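Take a look at the letters that make up each chain.
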Amino acid sequence: MADTHVLFVEDDDVIREATQLALERDGFVVTAMPDGLAGLEAFRADRPDIALLDVMVPGLDGVSLCRRIRDESTVPVIMLSARADSIDVVLGLEAGADDYVTKPFDGAVLVARIRAVLRRFGHASGPDARSGAQASGDAAPAEAILRFGDLEVDTEGMEVRKGGAPVALTPTEMRLLLEFSDAPGTVLTRDRLLERVWDYGWGGDTRVVDVHVQRLRGKIGQDRIETVRGFGYKLRG
């Protein structure tokens, strides 16, 4: 991770400087900005590998900045929120964030979360990606294409089509769909999805799963993923 570039947007001078130093000690290259508009300019100029956005920053708040970034890129985004139970957490996830960390946070926890996100994204889905999880190339062999009604999932080409039309997914949404596709009709618990998709080796906030499932449903069809109350979700075959 020595050359991993982090964009960090935080208006509190003490938190911004201390966090930047902590990340740099762990080998990250950090661009730290005090407001959302400066953060957007830095994102467009530098194309970082990951963005850490505080929810409450001046000029352009973190949620709005996340939406602007997501309009242009699939680069992973982690939101920073002062309250674990805040509606801002859900708003950030709905805006396209991949994860969130609650302030005050331990530096080691933040680094672990950053590395977990980067592991599941990989450099192939880095900051210059523009079309979700779609990839160009030769057609995949038939056995690599899974079909669920009008939904086609190309597990090698990392492409999804609904009714023959391409569906643009973020890398996190694609990984979530692949988990469902690997076990259609099987109920997957939120804890299992947190472990397999988000790489959580510890308990996490299941709202991350719920919001991403809702986003995925909006792209592949509301009735394709069924909620099994008290247990989790399953993909309808």
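Residues numbered from 1 in each chain as written. Predicted model: local features only at pLDDT ≥ 70, side-chain atom pairs only at ≥ 80, totals over all residues. Heavy atoms only, no water.

(A) How the structure looks around the overall build of the protein chain. Of the regular secondary structure elements, the protein chain holds 8 helices and 12 strands. With 237 residues in all, the protein chain has 50% of them scored as buried. Sequence separation of 24 or more characterises 61% of the internal contacts of the protein chain that already satisfy a separation of 6 or more. Looking at the protein chain as shown, the accessible area adds up to about 10,700 Å², and 50% of this sits on carbon and sulfur atoms. (Helix = DSSP H or I, 4+ residues; strand = E, 2+ residues; numbered from the N terminus. Buried < 20%, exposed > 50% of the residue type's maximum accessible area, 1.4 Å probe, protein only. Contact = heavy atoms within 4.5 Å. Areas by Shrake-Rupley, 256 points an atom, 1.4 Å probe, with all protein chains shown as cover.)

(B) Representation of the pairing of strand β12 (residues 232-235) in the model. As paired elements, strand β10 (residues 188-189) and β12 share 2 bridges and run antiparallel to each other. Bridging from a neighbouring strand, Leu188 pairs with Tyr233 of β12. Relative to β12, strand β11 (residues 225-228) runs antiparallel, the two sharing 4 bridges. Counterpart to Val228 in the pairing with β12 is Gly232. (Pairing = 2+ DSSP bridges.)

(C) Geometry of the environment of Val197. Among the structural elements, Val197 can be located in helix α7 (residues 190-197). In this structure the C-alpha to C-alpha distance between Val197 and Leu177, which are 20 residues apart in sequence, comes to 9.6 Å.

(D) Focus on the packing of helix α4 (residues 87-94) against helix α8 (residues 207-220). Close contact between α4 and α8 brings their axes to 9 Å; oriented N to C, the two are set at 40 degrees. Where α4 crosses over α8, the two elements pack in a sense that is right-handed. Between α4, through Val89, Val90, Leu93 and Glu94, and α8, the contact on the second element is made entirely by Arg207, Val208, Val211, His212 and Arg215. Broken down by class, the residue content of the contact of α4 with α8 amounts to 5 nonpolar, 1 polar and 3 charged. (Axes fitted to C-alpha atoms, helices over the stretch in contact; angles between N-to-C directions. Left-handed = near helix turned anticlockwise from the far one by under 90°. Nonpolar A, V, L, I, M, F, W, Y, C, P; charged D, E, K, R; others polar.)

(E) Structural view of the pairing of strand β8 (residues 159-162). Sheet topology note: the strand β7 (residues 151-154)/β8 ladder contains 4 bridges and is antiparallel. Bridge assignment links Val153 to a residue of β8, and that residue is Val160. The sheet contact formed by β8 and strand β9 (residues 165-166) spans 2 bridges and is antiparallel. Each residue of the ladder has a partner; that of Lys162, found in β9, is Ala165.

(F) Geometry of the packing of helix α6 (residues 171-182) against α8. Packing of α6 against α8 leaves a shortest axis separation of 10 Å and a crossing angle of 85 degrees. The angle between α6 and α8 falls in the class roughly perpendicular. Touching Thr172, Glu173, Leu176, Leu177 and Phe180 of α6 are His212, Val213, Arg215, Leu216, Lys219 and Ile220, all from α8. Considered class by class, the residues forming the contact of α6 with α8 number 6 nonpolar, 2 polar and 3 charged. (Parallel < 35°, antiparallel > 145°, perpendicular 65-115°, else oblique.)

(G) Representation of the sheet that holds strand β6 (residues 145-148) in the model. The strand order across the open sheet formed by 4 strands is β6-β7-β8-β9, and the pairing between neighbours is antiparallel. Looking along the sheet, the strands with just one partner apiece sit at the ends: β6 and β9. Where α6 meets the sheet, its contacts fall on β6, β7 and β8, and the angle it forms with β7 comes to roughly 105 degrees.

(H) Up close: the sheet that holds β12. The 3 strands lie next to each other as β10-β12-β11, forming an open sheet whose pairing is antiparallel. Whereas interior strands pair on both sides, the edge strands pair on one side only; in this sheet they are β10 and β11. Against the sheet, α8 contacts β11 and β12, and its axis sits at roughly 145 degrees relative to β11.

(I) Seen up close, the nonpolar core. Membership of the largest hydrophobic core comes to 48 residues, with the highest contact counts inside it found for Leu53, Met79 and Phe180. In this structure, Phe180 is in contact with Leu188, Leu193, Val213, Leu216, Ile225, Tyr233, Lys234 and Leu235, ignoring residues within four places of it in sequence. (Core = buried A, V, L, I, M, F, W, Y, C linked by side-chain atoms within 4.5 Å.)

(J) Geometry of unusual backbone geometry. Of the consecutive residues Lys103 and Pro104, the connecting peptide bond is found in the cis state with omega at -5 degrees. The residue Met158 is not glycine, and still its phi comes out positive at about 55 degrees. Residue placement: Met158 occurs in the loop between β7 and β8. Accessibility expressed as a relative area gives 25% for Met158, which makes it partly exposed.

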